[in-house]
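# Geometric and topological summary
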Amino acid sequence: MRWSKAFIPTIKEAPVEAEITSHKLMLRAGLIRRLSSGLYTYLPFCLRVIKKVGDIIRDEMNKKGAEELLMPILQPTELWEKSGRLNSKELAMLTAKDRTGREFVLSPTHEEVITDLVGREIKSYRDLPKNFYQIQTKFRDELRPRSGLMRAKEFIMKDSYSFDVDEESAGKTYAMMESAYRSIFSRCGLNIQVVKADPGAMGGGMSHEFIALADIGEEENGIEVGQIFSLGTKYSKSIGATFLDKNGVEKLCVMGCFGIGVTRTISAIIEQNHDEYGIMWPLSVSPYQVLILPVNISDSVSRGLAEKVYNQLQERKVEVLLDDRDVRGGVKFKDADLIGVPVRITVGSEKAASGALEIRERRTGREVTVRADELIPNLMSTLQEENHES
RNA sequence: CGGGGUGUAGCGCAGCUUGGUUUAGCGCGCCUGCUUUGGGAGCAGGAGGUCGGCGGUUCGAAUCCGCCCACCCCGACCA
């Protein structure tokens with residue numbers, strides 16, 4: 001992508017609405033814009049990160065045998081009456097009406113819908129265990145939205161729901177999800193602490209929270225980015241999800257549910273990966289892997305070299321952003337630090353004249369000068385290292 | 001919902017106390033031209049505002065009064 005064609009609206013100073021670092025940086029680096037309190041547009045740059053995080057989640061969930069599906073956001077209130085959660089204050093539900101006046105819940109979570117589905121479709125112990133997940137927008141009528149994507153009325157969540165034949169099997173699923181979550185957060189570049197938690201509105205038995213350590217955050221100096229619950233038979237009983245066991249006896253599915261706040265995870269990543277100049281994306285979730293920065297775009301030699309490198313990297317499927325804007329070098333350097341692409345290739349007029357350029361790591365500031373024909377192998381090994389560090 | 005605070009150009013603010021030389025300013029950003037080009041350049045010119053909204057007081061309101069709305073922070077609640 002060429003920066004001159006991309007929509008990356010960076011700003012020098014953070015608007016006063018933002019207090020915490022991640023919120024400020026997301027505004028400044030052109031990731032989000034506010035529509036209204038607790039409602040944000042994810043700009044193209046942010047959407048790339050959302051996709052990266054989503055792909056890591058999909059990879060780890062699929063490894064554990066979970067299957068992705070997508071359920072409706074609008075849900076009939078009758079289903080929520082069945083589970084007894086229609087008037088749950090904790091879930092802070094938003095509702096919507098159709099033109100006949102029928103009321104729907106704008107889903108804050110999907111236990112009811114998935115249990116209804118499984119109850120209708122799965123009838124035999126032979127079809128269990130099952131684990132379904134989805135990544136979609138959730139709604140909570142937050143009393144007080146705050147801190148950008150940290151607590152929004154509308155946010156992106158990965159939620160999954162497991163169905164097992166008994167507690168023992170459900171326990172294994174629970175442990176598997178815990179390990180999947182550890183891998184997911186680690187691959188996202190997050191330092192996580194797992195703590196025992198109160199199941200709250202979900203009900204059921206055991207629960208653990210995944211806390212990203214940060215000096216802001218709402219509990220224990222950390223940000224809750226995920227939570228897992230063993231639900232027992234609470235929903236299979238109220239909604240009706242049973243199966244026949246080996247002996248032909250009807251039994252209730254033993255359930256678990258597992259959530260990750262995707263957009264909040266991105267806030268947490270920034271809280272843990274930034275410095276005074278801007279974001280320092282872990283390579284695994286960075287919107288681009290490499291930024292090419294020709295210091296002076298009107299110098300034809302460095303422009304030519306930058307274009308050449310840009311093409312080479314694109315051919316190798318490296319996600320590369322070329323800062324081809326006709327602005328002064330200082331502006332580009334500041335923006336480069338702000339948006340936090342992990343590897344920067346600087347093309348300066350002097351060195352370009354002798355066919356050399358610089359590779360710089362955003363996180364460490366480490367910089368090497370290489371000849372253009374040595375660039376690709378050097379860059380590939382730098383990317384490898386970055387990958388292992390995050 | 002309780003408490004605190006803020007609304008003046010895209011962003012950051014001054015002006016309000018004491019109403020009238022304010023045709024409402026300043027910095028950044030934006031547009032045009034020239035110069036400049038390794039860490040947010042310089043000069044010149046320019047565009048951009050129902051002063052959050054409605055009502056009231058007054059000869060006259062960004063400024064005083066009332067109501068409403070929006071937004072931010074603390075609390076209760078949550079991925």
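That block above? That's the structure.
Residues numbered from 1 in each chain as written. Chains lettered and ligands numbered in written order. Predicted model: local features only at pLDDT ≥ 70, side-chain atom pairs only at ≥ 80, totals over all residues. Heavy atoms only, no water.

Right, let's get into the overall build of chain A. Along its length, chain A carries eleven helices and 21 strands. For chain A, the spread of C-alpha atoms along the three principal axes comes to 80 × 45 × 40 Å. Expressed as a percentage of contacts within chain A between residues at least 6 apart in sequence, the contacts between residues at least 24 apart total 66%. With the model as given, the accessible surface of chain A reaches about 17,800 Å², and the carbon-plus-sulfur share is 48%. (Helix = DSSP H or I, 4+ residues; strand = E, 2+ residues; numbered from the N terminus. Contact = heavy atoms within 4.5 Å. Areas by Shrake-Rupley, 256 points an atom, 1.4 Å probe, with all protein chains shown as cover.)

Let's shift gears to the protein's contact with RNA strand B. In the neighbourhood of RNA strand B, 44 residues make up the surrounding shell, with Glu-90, Leu-143, Arg-151, Arg-328 and Asp-337 lying closest. Expressed as a percentage, the sugar and phosphate content of the atoms of RNA strand B within 4 Å of the protein is 42%. Between RNA strand B and Ala-152 there is a distance of 3.0 Å, counted from a base nitrogen to a backbone nitrogen or oxygen. Between RNA strand B and Gly-348, the relevant distance is 3.2 Å, taken from a base oxygen to a main-chain nitrogen or oxygen of the residue. If you list the elements that add at least two residues to the surface near RNA strand B, you get strand 1 (32-36), strand 8 (154-164), strand 11 (222-232), helix 9 (329-339) and strand 19 (343-347). Of the residues forming the surface near RNA strand B, the biggest block, six residues, is contributed by helix 9. Tallied by class, the residues present in the surface near RNA strand B amount to 13 nonpolar, eleven polar and 20 charged. (Near = heavy atom within 4 Å. Polar contact = N/O pair within 3.5 Å; in protein donor to acceptor, adjacent residues only side chain to side chain. Nonpolar A, V, L, I, M, F, W, Y, C, P; charged D, E, K, R; others polar.)

Moving on: the packing of helix 1 (residues 21-28) against helix 7 (residues 262-272). At a closest axis distance of 8 Å, the pairing of helix 1 and helix 7 adopts a crossing angle of 100°. Classified by the interaxial angle, the pair formed by helix 1 and helix 7 is roughly perpendicular. Across the interface between the two elements, Thr-21, Ser-22, Leu-25 and Met-26 of helix 1 pack against Ile-266, Ser-267, Ile-270 and Glu-271 of helix 7. Each residue belonging to the contact of helix 1 with helix 7 can be placed in one class, and the counts come to four nonpolar, three polar and one charged. (Axes fitted to C-alpha atoms, helices over the stretch in contact; angles between N-to-C directions. Parallel < 35°, antiparallel > 145°, perpendicular 65-115°, else oblique.)

Glancing now at the sheet that holds strand 20 (residues 356-361). Within the open sheet, the five strands sit side by side as 18-17-19-20-21. Their pairing is mixed. One side of each edge strand has no neighbouring strand; the edge strands of this open sheet are strand 18 (320-322) and strand 21 (367-371). Across the sheet, the mean angle from the axis of one strand to that of its neighbour is 25°, orientation sign disregarded. Sheet topology places strand 17 (residues 290-294) next to strand 19; five bridges connect them, and they run parallel. When the bridges of strand 19 are listed, Ile-292 appears paired with Ile-345. (Pairing = 2+ DSSP bridges.)

When the terminal C-alpha atoms of helix 2 (residues 44-63) are compared, their 29 Å separation across 20 residues agrees well with the 28 Å that a helix rising 1.5 Å per residue should span. Turning to helix 2, its buried residues number three or more, namely Phe-45, Cys-46, Val-49, Ile-50, Lys-52, Val-53, Gly-54, Ile-56, Ile-57, Glu-60 and Met-61. Of the residues trailing helix 2, Gly-65 is marked for its positive phi of about 85°. (Expected span 1.5 Å × (residues − 1). Buried < 20%, exposed > 50% of the residue type's maximum accessible area, 1.4 Å probe, protein only.)

The subject of this paragraph is the packing of aromatic side chains. With the rule as written, the count across this model stands at five aromatic pairs. By way of ring pairs, the aromatic residues Tyr-181, Phe-185 and Phe-210 are connected into one cluster. Across the ring face of Tyr-288, the terminal group of Arg-48 is positioned such that the distance to the ring centre comes to 4.0 Å. The ring of Trp-3 is capped by Arg-325, whose NZ or CZ atom sits 3.9 Å from the centre of that ring. (Phe/Tyr/Trp six-rings, centres within 6.5 Å; stacked < 30°, edge-to-face > 60°. Lys NZ or Arg CZ within 6 Å of the ring centre and 35° of its normal.)

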